[in-house]
Amino acid sequence: MRKSLPADEPVGTLEVVHRFRGPMPTGVTVSHRGRIFVNFPRWGDRVPATVVELRRGREVPFPDLRWNTPSGDDDPSAFVSVQSVVVDPADRLWALDTGSPMFRPTSPGGPKLVRIDLRTDTVAQVITFPPEVVLPTSYLNDVRFDLRRGEAGLAYLTDSADGAPNAIIVVDLASGTSWRRLNDHPSTKAAPLADFRPVVEGRPFLVRPPDGPPQPVGVGADGIAISADGARLYYCALATRRWYSVATDALADRARSDAEVAATVIDEGDKGGGADGLESDDAGRIYLTNYEHNAVLRRRPDGEYETVVHDARLLWPDTLSVATNRHLYVIANQVHRQPPFNRGRDLRRRPYALFRTRIDAGPVLLRP
């Protein structure tokens, strides 16, 4: 009798929430009442709407089609190219707009943070950025919130620009004022190829142009998570196996010098592989996607790492979202199969997927 040989086995259980047969998604978030929102950056796919709500299996433009139809890259009254959507501790949806379709240079008015009231499904606040905070080279990636600080709370954003200054951007939600921290600090930068050679689906992950030699991926500060007590902000570059944290007290205090902020940075060590998204839960654990191993890992408060899920279908786990229904949601979108990494060939195979897995905790809700 012929027996099959041993093969890689999954860890944990993944439930398919939605299959995407159109453009490639990057971000997902879930409201406190269970509404699911997803975004599609304009990276080359035809994107009818850059933000949608999943309703009965359909992808519905959110909050409406007009907000998903910009007049240009500098339109402050419409989404240009949204990279992340996040529900905050007060159950409000925020869309982080890069203002950078196809990674083009940004213009004031395009990059913005937009708050949508989920009671009325209408835009309630638009925060744009001055050019000294969001640079022409900037690429806004992800955002986390602490609503206890100041009059209306603070938001923390990553600038993941490829081959340009990276940073953490802090936003005062009451005034809309923003400032850069850890600008081009080593902790926000991609690792050189000599120190980090990621392998995805058995192949070195490099930028491979149609002509010319392969180049290392230079995407900096990308994933971001806030600790359960709000004291530390965790972050990592896309192209590194290390991750870091910084004191939120230092980020929030505009009177502190850059050196004083940098002095609070902690090297959190080797996280076991390249990570795209980070997330946290109210039990004090930090979640890390692992695109090299088709997995999501979790660091416990005691410092030990454990595998939450490992599955061959997790082809580039991107954004993570812990929901109040005590599930962890994760997008798998095949980033590494895009043309820039394959000499101009698009190796992605639809559908892309939104998965979830049950966990024993809820989201971090830092609110008054």
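Residues numbered from 1 in each chain as written. Predicted model: local features only at pLDDT ≥ 70, side-chain atom pairs only at ≥ 80, totals over all residues. Heavy atoms only, no water.

A. Molecular detail of the overall build of the chain. Per the secondary structure count, the chain includes two helices and 26 strands. In terms of overall dimensions, the chain is globule-like: its C-alpha atoms have a radius of gyration of 19 Å, near the 21 Å expected for 368 residues. With the principal axes as the frame, the chain shows a C-alpha extent of 70 × 50 × 45 Å. Per-residue burial for the chain yields a buried fraction of 59% across its 368 residues. (Helix = DSSP H or I, 4+ residues; strand = E, 2+ residues; numbered from the N terminus. Rg over C-alpha atoms; globule rule 2.2 N^0.38 Å. Buried < 20%, exposed > 50% of the residue type's maximum accessible area, 1.4 Å probe, protein only.)

B. Geometry of the packing of aromatic side chains. The final tally for this structure, using the stated rule, is twelve aromatic pairs. When the ring of phenylalanine 103 is compared with that of tyrosine 139, the centres are 5.0 Å apart and the planes differ by 40°; the resulting orientation is tilted. Separated by 36 residues along the polypeptide, phenylalanine 103 in the loop between strand 7 (93-97) and strand 8 (112-117) and tyrosine 139 in the loop between strand 9 (122-128) and strand 10 (140-146) bring together distant segments of the chain. For tyrosine 139, a relative accessible area of 6% gives the class buried. (Phe/Tyr/Trp six-rings, centres within 6.5 Å; stacked < 30°, edge-to-face > 60°.)

C. The arrangement of the pairing of strand 9 in detail. In this structure, strand 8 lies alongside strand 9, joined through six bridges in antiparallel fashion. The residue bridging arginine 115 from the neighbouring strand is glutamine 125, located in strand 9. Count of turn residues in the strand 8/strand 9 antiparallel hairpin: four residues, of which aspartate 121 carries a positive phi of about 55°. (Pairing = 2+ DSSP bridges.)

D. Molecular detail of the sheet that holds strand 2 (residues 27-30). As summarised here, the arrangement of the four strands in space is 2-3-4-5, forming an open sheet in which the pairing is antiparallel. Looking at strand neighbours, the two that pair on one side only are strand 2 and strand 5 (58-61), the edges of this open sheet. Pairwise comparison of adjacent strand axes, ignoring direction, gives a mean angle of 30° for this sheet. The sheet contact formed by strand 4 (residues 51-55) and strand 5 spans four bridges and is antiparallel. Among the inter-strand pairings, arginine 55 is bridged to a residue of strand 5, identified as arginine 58. (Axes fitted to C-alpha atoms, helices over the stretch in contact; angles between N-to-C directions.)

E. The nonpolar core, seen in detail. Ranked by size, the top nonpolar core spans 30 residues in total, and within it Phe20, Ile36, Val38 and Leu354 carry the most contacts. In this view, valine 38 contacts Phe20, Pro25, Gly27, Val28, Thr50, Val51, Val52, Leu54 and Val85; residues no more than four positions away in its chain are not counted. (Core = buried A, V, L, I, M, F, W, Y, C linked by side-chain atoms within 4.5 Å. Contact = heavy atoms within 4.5 Å.)

F. Here's a closer look at the sheet that holds strand 25 (residues 327-332). The antiparallel open sheet is built from four strands, whose spatial order is 1-26-25-24. This sheet does not close on itself; its edge strands, each paired only once, are strand 1 (15-20) and strand 24 (317-322). On average, adjacent strands in this sheet sit at an angle of 20° to one another, irrespective of strand direction. Bridging between strand 1 and strand 26 (residues 352-358) involves five bridges; their strand directions are antiparallel.

G. Representation of the environment of alanine 221 within the structure. Looking at the secondary structure, you find alanine 221 in strand 16 (residues 221-226). The exposure class of alanine 221 is buried, given its relative accessible area of 0%. Separated by 173 residues in sequence, alanine 221 and proline 48 have C-alpha atoms that sit 28 Å apart.

H. Spatial organisation of the pattern of salt bridges. Within the structure shown, the criterion is met by 30 salt bridges. A salt bridge links glutamate 53 to arginine 35; its shortest N-O distance comes to 2.9 Å. Taken together, the residues glutamate 53 in strand 4 and arginine 35 in the loop between strand 2 and strand 3 (36-39) connect sequence positions 18 residues apart. Aspartate 88 serves as the salt-bridge partner of arginine 92, at 2.8 Å between the closest nitrogen and oxygen. With relative accessibility at 1%, the residue aspartate 88 sits in the buried group. Here the salt bridges share partners, and the residues they tie into one network are Arg35, Glu53, Arg55 and Asp121. (Salt bridge = Lys/Arg side-chain N within 4 Å of Asp/Glu carboxyl O.)

Taken by themselves, the reported measurements are silent on function.
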